[in-house]
Amino acid sequence: MKIYKSSIRRKRKRQLYYLIPAMVLWGFISWQINFSLIRLWRGIPHMFNLIGRMLQPDFSYILQVLPRLMETIEMAAVSSTLGVILGSLGALFVARNTAIHPIIPLLGNPFFTFLRTIPNLIWAAILVSIFSVGKFPGMIALTITATLITVKLLREYIETIPESVIKGVESVGATKIQTLRYGVLPMVFQQMAAVFFLVLEVNIRGATILGLVGAGGIGQILWRDLNHLRYDNLATLIILLFATILVIDLGSLWLRKGLKDLYIPAKTIPIFRLRQKVKWIVVFLLLIVGMTWLVNSLDITAERMILGLESGARMVLRMAQFEFSYAPRLVEGLMESLFIALFATVTGGVGALFLSYLTAYNTSPYPEVALFFKAVVNLLRTFPPIVVAIIFFRGVGPGPLAGAMALSIYTLGVMTKLYSEVIESTGENIQQGILITGAGKILSYRFGIVPHTFSNYISLLLYRFESNMRNSTILGVIGAGGIGTILANNIAWRNWERVGLLLAGVAILMMAVEKLSEKIRKKLV
Amino acid sequence: MISLKDIHVVYDKITPALRGVSLDFHDGEFVGIIGLSGSGKSTLLKTINGLVKPMKGKVCLDELVLGDLSGKKLREVRRNIGFVFQEFNLVERTSVLENVLIGRLGYLSTLKGFFGLFKDSDYEIAVAALDTVGLKTKITARAGQLSGGQKQRVAIAKTLTQEPRVILADEPVASLDRTSSTVVMDTFAKIRHKHKITIIINLHDVELARKYCDRLVGLRDGKVLFDKTTKEISNEDIQELYS
Ligand SMILES: Nc1ncnc2c1ncn2[C@@H]1O[C@H](COP(=O)(O)OP(=O)(O)OP(=O)(O)O)[C@@H](O)[C@H]1O
Ligand SMILES: [Mg+2]
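Some words on the pattern of salt bridges
Then comes step 1: Counting across every chain of the model gives 26 salt bridges over all chains.
Then comes step 2: The partner of lysine 151 of chain B in a salt bridge is glutamate 92 of chain B, with the nearest N and O atoms 3.3 Å apart. Taken together, the positions of lysine 151 of chain B in helix H6 (residues 148-161) and glutamate 92 of chain B in the loop between strand E6 (81-84) and helix H3 (96-101) put the pair 59 residues apart, joining distant regions of the chain.
Then comes step 3: Judged by its relative accessible area of 12%, lysine 151 of chain B falls in the buried class.
Then comes step 4: Judged by its relative accessible area of 32%, glutamate 92 of chain B falls in the partly exposed class.
Then comes step 5: The partner of arginine 104 of chain B in a salt bridge is glutamate 163 of chain B, with the nearest N and O atoms 3.6 Å apart. You can see arginine 104 of chain B sitting in the loop between H3 and helix H4 (110-114) and its partner glutamate 163 of chain B sitting in the loop between H6 and strand E7 (166-170), a full 59 residues away along the chain.
Then comes step 6: According to the relative accessible area criterion, arginine 104 of chain B is buried, its value standing at 6%.
Then comes step 7: One salt-bridge network, held together by shared partners, links Arg96, Arg155 and Glu159 of chain A.

Overview of the domain arrangement of chain A
Residue and element names in this part refer to chain A.
Then comes step 1: When cut into domains, chain A gives domain 1 (16-54 + 321-524), domain 2 (62-263) and domain 3 (265-319).
Then comes step 2: Each partner contributes to the interface: domain 1 provides 25 residues, whereas domain 2 provides 27 residues.
Then comes step 3: Across the domain 1/domain 2 interface, buried area totals approximately 2,700 Å², and carbon plus sulfur atoms make up 85% of it.
Then comes step 4: Our count for the contact surface shared by domain 1 and domain 2 stands at 0 salt bridges.
Then comes step 5: Along the contact surface separating domain 1 from domain 2 lie 1 residue pair in polar contact (both at pLDDT 80 or more).
Then comes step 6: Of all the elements in the fold, those that place two or more residues in the side of domain 1 that touches domain 2 are helix H2 (37-54), helix H14 (367-382), helix H15 (385-396), helix H18 (441-477), helix H19 (483-492) and helix H20 (496-524).
Then comes step 7: Among the elements that take part in the side of domain 1 that touches domain 2, H20 stands out by supplying 6 residues, more than any other.

Considering the interface of chain B and chain A
The accessible area lost on association of the parts is a frequent measure of interface size.
Then comes step 1: Counting residues at the interface gives 39 residues for chain B and 32 residues for chain A.
Then comes step 2: Of the roughly 3,300 Å² buried where chain B meets chain A, counting both sides, 62% is carbon and sulfur surface.
Then comes step 3: Where chain B meets chain A, there are 1 salt bridge.
Then comes step 4: Put simply, aspartate 120 of chain B and arginine 273 of chain A hold a salt bridge, and the shortest N to O gap is 2.6 Å.
Then comes step 5: Run the count over chain B and chain A and you get 11 residue pairs in polar contact (both at pLDDT 80 or more).
Then comes step 6: At the level of secondary structure, the elements contributing two or more residues to the side of chain B that touches chain A comprise helix H2 (71-80), E6, H3, H4 and helix H5 (120-132) of chain B.
Then comes step 7: Here the residues of the side of chain B that touches chain A sort into 18 nonpolar, 11 polar and 10 charged.

Rules and cut-offs
- Residues numbered from 1 in each chain as written.
- Chains lettered and ligands numbered in written order.
- Predicted model: local features only at pLDDT ≥ 70, side-chain atom pairs only at ≥ 80, totals over all residues.
- Heavy atoms only, no water.
- Salt bridge = Lys/Arg side-chain N within 4 Å of Asp/Glu carboxyl O.
- Helix = DSSP H or I, 4+ residues; strand = E, 2+ residues; numbered from the N terminus.
- Buried < 20%, exposed > 50% of the residue type's maximum accessible area, 1.4 Å probe, protein only.
- Domains from an automatic or database assignment.
- Contact = heavy atoms within 4.5 Å.
- Buried area = accessible area lost by both parts, 1.4 Å probe.
- Polar contact = N/O pair within 3.5 Å; in protein donor to acceptor, adjacent residues only side chain to side chain.
- Nonpolar A, V, L, I, M, F, W, Y, C, P; charged D, E, K, R; others polar.

In structure tokens:
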């Protein structure tokens, strides 16, 4: 008996030993990002003031900015379409089982991984500085993001197609292209629709904020109102964006569900043959319509295009000549971004541990409470962190604190949603096993469910950390500190040698973080 | 006629799978290949259609030596040799008809095949093949929704539309239940009589092999242990093969 008691006590003590350094570390990180309760406290009235004004939107302003909103949606839709088409082709090239030559995936995948580490807003900022302010650079930036996401998702999907199915087509004497068309394309087509909506959801968020660097869309007005301190207009815009994103998310969710297992059989062979032909005619018509739409909506002259491409080439050349003397600033910026991401992950993550208790149906004291918190969590999650950051700018001024707080709230929302879903899917027996001993619901949560799902929790948290790293770079572009701010400044000054070095630094850190998190996650299972 | 001359196959330079196999398959024969797991049955079939390259020896289809073919010639030979897999290998997301039409790709140019511009005759052949395997009513169904036995019959129909001279089948009934196995084997017997196609089939079920094939080849450790007509096979032969 005594032995057990002392062993448990020792375990308690050990937990304490971990807790103290963790607290110290959190304190250090908080200090690094200038965390200050006093500043937050003083900022609260300003922020509530802003939120209060959001509750009285100026509808006449909505009508005024409606054309820009339509432009934003158009940008997202066109770039998603284009990106999914380009990305599907790319995926066929770099998937291991469909590549023409094994060397292509070997070189292609690291290249795409590198490009993926560069945030959308940075692409836009760079493109704005070579093609000048307007819709065009925004469109290209969104297309790049859409293409890269599609390549990643579809490549992973294509690689799950069994070799045997491909062999089954090859064995009739089909050529390589025919084999791709009949063995792989039917699978890819189905998946393409789902990927398109996913990309659209990402791009509508992207399109609304690209204007912050002058790349067109409603973000440009957002930025103007922010600089002119027109907080009433700003509030209206934020509500408008929120509603737009919500509608597109819901619509896309609904369509994705409907498309998932869509199969309409052709009743007879003549109908089947007619459909084969019509399918291609429709595809060609869509391509033509799409191209015309694209060219019309791009509003760029051939002259400007050539000029842009030339300066783009010069820019890439200059980027390749890293200015190594700038390395100290790079390290400084990366550290700050890292601290912002760490702070947000830990703060949001610990908060989610408590909030999940109230949000999951099977642990929440009353179902109504769960329902209420589910609504709150979805609200927190739908606001782009960049908009929340702007609200915090109002309270505590631009800088790492605002960025860290915005990301903490976003992390809290996403983590609570995901973790409460994990809790809801854990078996009743674990909770009951503890409830039976006479312990209350809270204790059964603390000693039953949380330890049981802890590895899921950590794994979700690691994903959040990766996402926060990316987001903290983006937030920096609008002035929330870290590497993003340094990058944005150097892009504005066209110090391409420095930008090259900074991008390489971001890429290396991002890839290292991804690798590390992947390793830890593998260890957990 | 297909003839194998002193075939040696070694995997990864260390695992011998076939050690000097010489066999002749005549047109219109229904040959069963039996043997323990690992005796080299699958390897033998894969060598015939060129999926596996022998280290030594020759595979001939009439006067044509298969070993050194590539590109267009290789595809032409593949078209002549149908292959039925144990796991059916259908494209499950598309219709039965589309899966069967895949068998016609070998007769189309790359471009026409890509756009699915099959000729009237291609459709007639495909429908006839589905009729032969007894699945004419399932033409428009989605391949993924069929039962295992039906999937395998669709795979056979696909192979039939290739209009091959030989069909190689690697344990085509191993993942099917008793009734579906019989239906599939009946289908093989039927097409053999109807189309005069040579059928070479790997089976682990000796009873099925004795019931359907007119000649049995026993493989053991990569060598031919016996090669007799089904009537000549004795129980001792079988016992020796599986001991
Ligand atoms: N791709 C491969 N790489 C390496 N060794 C292989 C490969 N395929 C088969 N072998 C080996 O070659 C030998 C013969 O295998 P084969 O698949 O031809 O046997 P089989 O008679 O078809 O067996 P089963 O009844 O289990 O299908 C076995 O020892 C097997 O381990
Ligand atoms: Mg085998």
